[in-house]
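# Inside the fold
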There are 2 protein chains.
Amino acid sequence: MFVLVGGSTATARIPGISAAGASPELLAHTPSADLEIVYYGEPVSSSVVPVSPTGCPTPAVITRAVLETLERSATPIDGGLAQPTAAPTISVANSCGVDIRSPPAVQSAESAFMAGKSLGERLPTDSLTIGETIPGGTTTALAVLTALGERASVSSSLADNPLELKRSVVDDALTALDHEPGAFANRPIDALRTLGDPVLATVAGLTVGALETGCGVTLGGGTQMAAVAALVRHAGYHEPLTIATTSFVGADDTAPIQLLVDDLDCSLTVTDPGFDGQSHPAFDAYEAGHAKEGAGMGGALALATANGISMARVRDQTIAVYDRLLESAPVEP
Amino acid sequence: MFVLVGGSTATARIPGISAAGASPELLAHTPSADLEIVYYGEPVSSSVVPVSPTGCPTPAVITRAVLETLERSATPIDGGLAQPTAAPTISVANSCGVDIRSPPAVQSAESAFMAGKSLGERLPTDSLTIGETIPGGTTTALAVLTALGERASVSSSLADNPLELKRSVVDDALTALDHEPGAFANRPIDALRTLGDPVLATVAGLTVGALETGCGVTLGGGTQMAAVAALVRHAGYHEPLTIATTSFVGADDTAPIQLLVDDLDCSLTVTDPGFDGQSHPAFDAYEAGHAKEGAGMGGALALATANGISMARVRDQTIAVYDRLLESAPVEP
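Residues numbered from 1 in each chain as written. Chains lettered and ligands numbered in written order. Predicted model: local features only at pLDDT ≥ 70, side-chain atom pairs only at ≥ 80, totals over all residues. Heavy atoms only, no water.

## Thoughts on the overall build of chain A
Here is the rule: Numbering of helices and strands runs from the N terminus, with a helix taken as a DSSP run of H or I at least four residues long and a strand as a DSSP run of E at least two residues long. Throughout, exposure labels follow a simple rule: accessible area from a 1.4 Å probe, protein chains only, divided by the maximum for the residue type, with under 20% read as buried, over 50% as exposed, and the rest as partly exposed. This count recognises Lys and Arg as positive and Asp and Glu as negative, with His and chain-terminal groups excluded. Charge coordinates come from a single atom per side chain, which is NZ of Lys, CZ of Arg, CG of Asp or CD of Glu.
Along chain A, the regular secondary structure elements total 14 helices and seven strands. Overall, chain A is about 50 × 40 × 35 Å in size when its C-alpha atoms are taken along their principal axes. The burial tally for chain A puts 62% of its 333 residues in the buried class. Averaging the locations of the 16 positively and 37 negatively charged side chains of chain A gives two centres separated by 4 Å.

## Digging into the pattern of salt bridges
Two side chains carrying opposite charge are able to pair once their charged atoms lie near each other. Rules: Any carboxyl oxygen of Asp or Glu that lies within 4 Å of a side-chain nitrogen of Lys or Arg is treated as forming a salt bridge with it.
With the rule as written, the count across this model stands at 18 salt bridges over all chains. What you see here is one network of salt bridges that share partners, running through Glu 110, Arg 187, Asp 190 and Arg 193 of chain A.

## Description of the interface of chain A and chain B
Put simply, the test is: Whether two residues are in contact is decided by their heavy atoms, any of which lying within 4.5 Å being enough. A 1.4 Å probe defines the accessible area here, and the buried area is the portion of it lost by two parts on being joined, summed over both. Here a polar contact means two N or O atoms within 3.5 Å. Within protein one must be a hydrogen donor candidate and the other an acceptor candidate, and residues neighboring in sequence count only if both atoms are side-chain atoms. Here the term charged refers only to Asp, Glu, Lys and Arg, the term nonpolar to Ala, Val, Leu, Ile, Met, Phe, Trp, Tyr, Cys and Pro, and the term polar to all other amino acids, Gly among them.
Chain A puts 20 residues into the contact, and the matching count from chain B is 20 residues. Between chain A and chain B, the buried area comes to about 1400 Å², and carbon and sulfur atoms account for 60% of it. In terms of surface lost to chain B, no three residues of chain A exceed Tyr 40, Arg 122 and Pro 124 of chain A, which account for 31% of the buried area on that side. At the junction of chain A with chain B, the criterion picks out zero salt bridges. Between chain A and chain B we count three residue pairs in polar contact (both at pLDDT 80 or more) in total. Broken down by secondary-structure element, the contributors of at least two residues to the side of chain A that touches chain B are α2 (30–40), β2 (74–79) and α4 (109–122) of chain A. Classifying every residue of the side of chain A that touches chain B gives 13 nonpolar, four polar and three charged.

## A closer look at the side chain of His 290 of chain B
All names here are of chain B. Considering the arrangement of structural elements, one finds His 290 in the loop between α12 (284–287) and α13 (297–306). At a separation of 3.4 Å, a polar atom in the side chain of His 290 contacts the side chain of Thr 54. Ignoring any residue separated from it by four or fewer positions in sequence, one finds His 290 in contact with Thr 54, Cys 56, Ser 157, Ala 159 and Ala 285.

## Structural notes on a negative patch on the surface
All names here are of chain A. The following threshold applies: Distance thresholds for patches are 9 Å for like charges and 5 Å for nonpolar side chains (Val, Leu, Ile, Met, Phe, Trp, Tyr), applied to residues having over 30% relative accessible area and no salt bridge. Using a 1.4 Å probe, the Shrake-Rupley method yields the accessible areas, and only the shown protein chains count as cover for residues.
Residues Asp 272, Asp 276, Asp 284 and Glu 287 make up a contiguous surface patch of negative charge. Looking at the element boundaries, Asp 284 is found in helix α12 (residues 284–287). Judged by its relative accessible area of 35%, Asp 284 falls in the partly exposed class.

## Quick word on unusual backbone geometry
For the peptide bond that leads from Pro 103 of chain A to Pro 104 of chain A, omega is 5°, which places it in the cis range. Structurally, the position occupied by Pro 104 of chain A is in the loop between β3 (90–93) and α4. Positive phi outside glycine occurs at Asn 186 of chain A, with the angle close to 65°. Counting through the fold element by element, Asn 186 of chain A comes out in the loop between α6 (163–177) and α7 (188–195). One non-glycine residue with positive phi stands out, namely Lys 292 of chain B, at about 75°. Assignment of secondary structure puts Lys 292 of chain B in the loop between α12 and α13. Since its relative accessible area comes to 6%, Lys 292 of chain B is described here as buried.

## Observations concerning the environment of Val 51 of chain A
In this structure, Val 51 of chain A sits in the loop between α2 and α3 (60–70). It is 9.4 Å that separates the C-alpha atoms of Val 51 of chain A and Leu 27 of chain A, two residues lying 24 residues apart in sequence.

What follows is the structure in structure tokens.
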């Protein structure tokens, strides 16, 4: 089963933090549109396809392409969406996240985590892949990793990772609380409530619930999913856990994900979709370092490989989905 | 695209009205469990499989079996569910229906209809099959047909159609309002608000929205779907419309659906799943006249035929789904 959790945090509105939308106003619509693209194959609530400020199309396009080749459907989950979506959703988190500089960032963190856990325990599957879509998510992930005392290292949807900006946002948040890094070690719910986001709470809960019933879990994403793995470990769950990401995150020297994954005793799967040398608008921005990952892209690519689908076929289907999106809604940079 | 709308009306609590649950307390859970069975292949929120008081398993089993043979997924819609469901849903109607003897039966009928219309206009498909699951739905359908001045004739999930009881309930409702049959002709929203249910409002809205964009619509169900067709016609939409039902509804002499369909200038597709002579607990109760239809069963059977799937294969898969349900949750009469 492939689930995609969408949500929001006001942390994304800090200028320069996120590339998951063409403008600050459009950021809030990205997760809702991503769920629609992955579920229906196109945006449905509006005709806006999420793109970065430089025009890079959302990685939801690639996730959808993989699911189409596998003839499988994603199960969308509401992990605190800011805008309505026309995709069917299971509601887990009921509210958006607050700017982490004004804690608590997620007042309802415990109930979101517990609702996620309860759902994870009940989903009828023995193999669960979880993706996420939340602009600003790497900054809240950095805050959570820092608060738990883990390696403070996250990637970015921007080609130039604004890591100094993210660190200063997290420092401001911790300083305002009079907390040191590591202050929330072994207190994952407190870390989520104070400095996290509702998607992290939802995915961490889902993971713990699925692990409780012996279900295998693959976290499909980059350093945000490392923050989830950290939350799961600090909650006392030490079962095997895989993070499946893209070669674009794997090649990000500003955030060595292998070290994070090793720290957390997880497995890492890195899949290269082979976009280099293709020269197509669906691929070029990724080659230039934009987007890198998101909407479960790394998890979807790993699923394709596990099911014997070649990356050439994934690329062909990505072009097909991209062309369909262009028809239904022009992608404008 | 196959959508299944679940919802509730307190009209179902009138003793003797509905067989869509083993007991009056369990009736409210049936639509939520049906959505889970059709979406996941088993109930997820609880271990209760909806059965009639005589032990007939929900027709959601057959709908799920068809979707499995087609390797397709249903899109669940919340049309006023009384209980939470673990299936992902698109929320269209926000509240349960009231007992039609205490009008208005659906205070938010107009907003549910308009939300359904808006969704129907946006769903990216050129062929939409809609199913329903709402205990007590044939009684509200009778009320709506009567209020619109159409043939007052509905089938039943009970082997012995309690038509006199239903008619007296509808008479009581109309008398309390000081209304004659036909009082709401050409006023479908008023009919829905006063005497309908939230699923009828949702399905009628979806249908009208889809017809607006040239999408073909198949109403997968029995006489409740005839009430939807009546609402659509009284809303001024005269596009072709198909009702796809089961041979069990087709053979119900208490409610001649062919006459209803002719009145409303619709097409009728009747599919016989060939349960006779099979002697299996998944089939026997249908042969005895229980359940008959529901959860999109007739629409699913028509989809199977349209896709070249034999009824023998549908029966085999129905047994597989039934056996899986027995494993996950014993079906008790």
